[in-house]
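Secondary and tertiary structure notes
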Amino acid sequence: MEKLNTVDAFIVFDLADASESVGAVRSGRKILPGGARDLARSLTYTFATFEMRRGGASAGINAADEDRPDALARFTDEIAPMVASGRFLPEPGTRVPRNALESLAAADPRAVVGEGADHATVAGVMAAATSVMGGLENRTVAIEGFDRTGPALAAAAIDRGARVVAVTAGNRGAIDRGGFPTAALSTQGRIPEGEQTATEALAEPVDVLLAGSRMGAVNHTGAELLNVGTLVPHGPIPVTARALAVLSRAGTTVVPDFISTAGPLFAWWPTGEPTPDAVATDAAARITACMEEIADHPDGLFLAAARRAESFLSTWRDVLPFGRPLAS
């Protein structure tokens, strides 16, 4: 862990000697390094999955709400040289909107950040879900955490013939067993009014649950209430280790987050045209190919994916990082 000098903040680099590292910046009264390490590890495995010699990282800024604007300004000023060199490339996280990082955009060596990368995220999540399910036509979908990609995820699922029947935002939930129209799910953070709690909405039986509001959003207690065929993360490490065990015993297929959320990699470092459509197409194709490679592994998707990532890490690391990417 590397502490900053001008603000109460830190950065965890999963691979300390990696020439480039990417990760979320979160802020709160007290951000714990343990959670930052978990987030960093997930991105390390994402890069390894797609054979990129880069590392994951994660930053925490300790600040009360009223002090956060000043803390963010100090943070961005201090890390500017890291961004210019590629050593730490920040992404928005909890209580850190993308516009708080705007001053760093000109120095960021990545080809595309912001909405272009979000577009690739949605394409990747849909590709992972489609691969596991063999298509989304007539499938039922729930979305846990209706954040900045929520409307796009809902629209993409509906476009593929699915019915979005349950959504949550914070502790609120809404259910429509016939399927919400796209217009009802068009604003991030806003879901249709209903009398359901998030817990009740997530208990609705569905073919696919898209989860990712925060780390550990699905813990072992919540997992026991789910009736889900496949869980596909749309954000980093939403499933805890104990929840993975519960879901596996229940017959739920859990897609590793370090595959389904990999879309932005192909926007940040495109191999072809850096247009949103071209990047999304490439992301979907690469993620689909990865899913197909591990689809029938007898040990399940998570272990198969983890070993695949570790195989690549072993080609350029003498020692592998300890611990696999799951929420504590």
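Right, let's walk through the structure included here. (Residues numbered from 1 in each chain as written. Predicted model: local features only at pLDDT ≥ 70, side-chain atom pairs only at ≥ 80, totals over all residues. Heavy atoms only, no water.)

1. Describing the overall build of the chain
As a reminder, the rule being used: The helix count covers DSSP runs of H or I at least four residues long, the strand count covers runs of E at least two residues long, and both are numbered beginning at the N terminus. Our radius of gyration is a C-alpha quantity, and the globule rule it is checked against amounts to 2.2 Å times the number of residues to the power 0.38. The contact rule is simple, with two residues in contact once any of their heavy atoms fall within 4.5 Å. Reported accessibility uses the Shrake-Rupley method at a 1.4 Å probe radius. Residues are deemed covered only where the shown protein chains occlude them. Residues scored as charged are limited to Lys and Arg (positive) and Asp and Glu (negative), so that His and the chain ends carry no count. One atom stands in for each charge, and that atom is NZ of Lys, CZ of Arg, CG of Asp or CD of Glu.
The helix and strand inventory of the chain stands at eleven helices and eleven strands. Taking 20 Å as the expected radius of gyration for a compact globule of 328 residues, we find that the chain reaches 19 Å, a close match to that expectation. Once the C-alpha set of the chain is aligned to its principal axes, its extents read approximately 55 × 45 × 40 Å. Once local pairs closer than 6 in sequence are excluded, the contacts in the chain between residues at least 24 apart make up 65%. Of the roughly 14,300 Å² of accessible surface on the chain, a fraction of 49% belongs to carbon and sulfur atoms. The averaged location of the 39 negative side-chain charges in the chain is 5 Å from the averaged location of its 29 positive side-chain charges.

2. Section: the sheet that holds strand β3 (residues 21–28)
The criterion, for reference: In this scheme, strands are said to pair when DSSP sees at least two bridges between them. Under this scheme, a helix contributes an axis fitted over its contacting stretch, all axes are lines through C-alpha atoms, and angles between N-to-C directions fall in the 0 to 180 degree range.
The five strands lie next to each other as β1-β2-β4-β3-β5, forming an open sheet whose pairing is mixed. The two strands at the open ends of the sheet, each matched to only one other strand, are β1 (2–3) and β5 (89–92). Of the pairings in the sheet, the one linking β1 to strand β2 (residues 9–13) comprises two bridges and is antiparallel in character. Pairing of Glu2 across the sheet is with Ile11, part of β2. Sheet strands touched by helix α1 (residues 33–49): β2, β3 and β4 (55–62). Its angle to β4, the strand with the most contacts, is close to 155 degrees.

3. Structural notes on the packing of helix α3 (residues 115–133) against helix α4 (residues 150–159)
We apply this condition: An angle below 35 degrees is read as roughly parallel, one above 145 as roughly antiparallel, one from 65 to 115 as roughly perpendicular, and any other as oblique. Left-handed describes a crossing whose near helix is turned anticlockwise from the far helix through less than a right angle; right-handed describes the clockwise counterpart. For this classification, Asp, Glu, Lys and Arg are treated as charged, while Ala, Val, Leu, Ile, Met, Phe, Trp, Tyr, Cys and Pro are nonpolar and the rest, including Gly, are polar.
Here α3 crosses α4 at 40 degrees, and the two axes come no closer than 10 Å. The angle between α3 and α4 places the two elements in the oblique class. In terms of crossing hand, the pair formed by α3 and α4 is right-handed. Each of Val122, Val125 and Met126 in α3 lies in contact with α4, whose residues at this interface are Ala152, Leu153, Ala156 and Ala157. By residue class, the composition of the contact of α3 with α4 is seven nonpolar, no polar and no charged.

4. So, the side chain of Thr49
Selection criterion: The cut-offs for exposure are 20% and 50% of the maximum accessible area for each residue type, with area from a 1.4 Å probe on protein chains only; residues under the lower value are buried, those over the upper are exposed, and the others partly exposed. For this analysis, a polar contact is any N or O atom pair within 3.5 Å, provided that within protein one partner can donate a hydrogen and the other can accept it, and provided that sequence-adjacent residues contribute only side-chain to side-chain pairs.
Within the secondary structure layout, Thr49 lies in helix α1. Take Thr49: its relative accessible area is 4%, and that puts it in the buried class. At 2.7 Å, the side chain of Thr49 and the backbone oxygen of Tyr45 are in polar contact.

5. Observations regarding the packing of aromatic side chains
Operational definition: Between rings of Phe, Tyr and Trp, where Trp is taken as its six-membered ring, a pair exists when centres lie within 6.5 Å; planes separated by under 30 degrees are stacked, by over 60 edge-to-face, and by other angles tilted.
For the structure on display, the rule yields six aromatic pairs. Measuring from centroid to centroid gives 5.5 Å for Tyr45 and Phe258, while their planes differ by 65 degrees, and the two rings are edge-to-face. Separated by 213 residues along the polypeptide, Tyr45 in helix α1 and Phe258 in helix α8 (residues 257–260) bring together distant segments of the chain. A single burial state applies to Tyr45 and to Phe258, both of which are buried. Ring centres of Phe258 and Phe302 lie 6.0 Å apart, and the angle between their planes is 70 degrees; this geometry places the pair in the edge-to-face category. Of this pair, Phe258 sits in helix α8 while Phe302 sits in helix α11 (residues 301–313), and the two are 44 residues apart along the sequence.

6. Thoughts on empty space enclosed by the protein
Stated formally: Both site types are read off a 1 Å grid over the protein atoms alone. A 1.4 Å probe that fits but cannot get out defines a cavity, while an open set with protein on both sides within 12 Å along at least five of seven lines defines a pocket; lining residues have an atom within 4 Å of a point. Grid points are joined across faces, edges and corners, and a volume is the space filled by probe spheres set on the points.
Enumeration according to the criterion identifies one cavity of 30 Å³ or more in this entry. Within this model, the largest cavity holds a volume of roughly 70 Å³. Taken together, Pro233, Ile237, Pro238, Val239, Leu244, Val254, Val255, Pro256, Asp257, Phe302, Pro325 and Leu326 form the lining of the largest cavity. Class assignment for the residues of the lining of the largest cavity results in eleven nonpolar, no polar and one charged.

7. Here's the deal with the pairing of β4
Put simply, the rule reads: Look down the strands so they point away from you; if going from the first strand over the helix to the second traces a clockwise path, that crossover is right-handed.
Burial within β4 is extensive, with eight of its eight residues counted as buried. Residues of β4 alternate between two faces, with Gly55, Ala57, Ala59 and Ile61 on one and Gly56, Ser58, Gly60 and Asn62 on the opposite face, all of them buried. Summarising the sheet, β2 and β4 pair through five bridges and their orientation is antiparallel. Residue pairing for β4: Ala9 is matched across the bridge by Ile61. Direction of pairing for β3 relative to β4: parallel, over a ladder of eight bridges. Its bridge partner lying in β4, Ser27 is registered against Ile61. In this region the chain leaves β3, passes through α1 and returns to the parallel neighbour β4; the handedness of that crossover is right-handed.

8. So, the nonpolar core
One recurring pattern in soluble globular proteins is that nonpolar side chains are buried together. The following threshold applies: The definition of a nonpolar core used throughout is a set of buried Ala, Val, Leu, Ile, Met, Phe, Trp, Tyr and Cys residues joined through side-chain atoms within 4.5 Å.
By size, the foremost hydrophobic cluster in this structure holds 102 residues, and its most contacted members are Phe75 and Phe88. Of the residues forming this core, the biggest block, nine residues, is contributed by α3. With near-sequence residues (within four places) excluded, Phe75 lies in contact with Leu4, Val7, Ala9, Val25, Ala59, Ile61 and Phe88.

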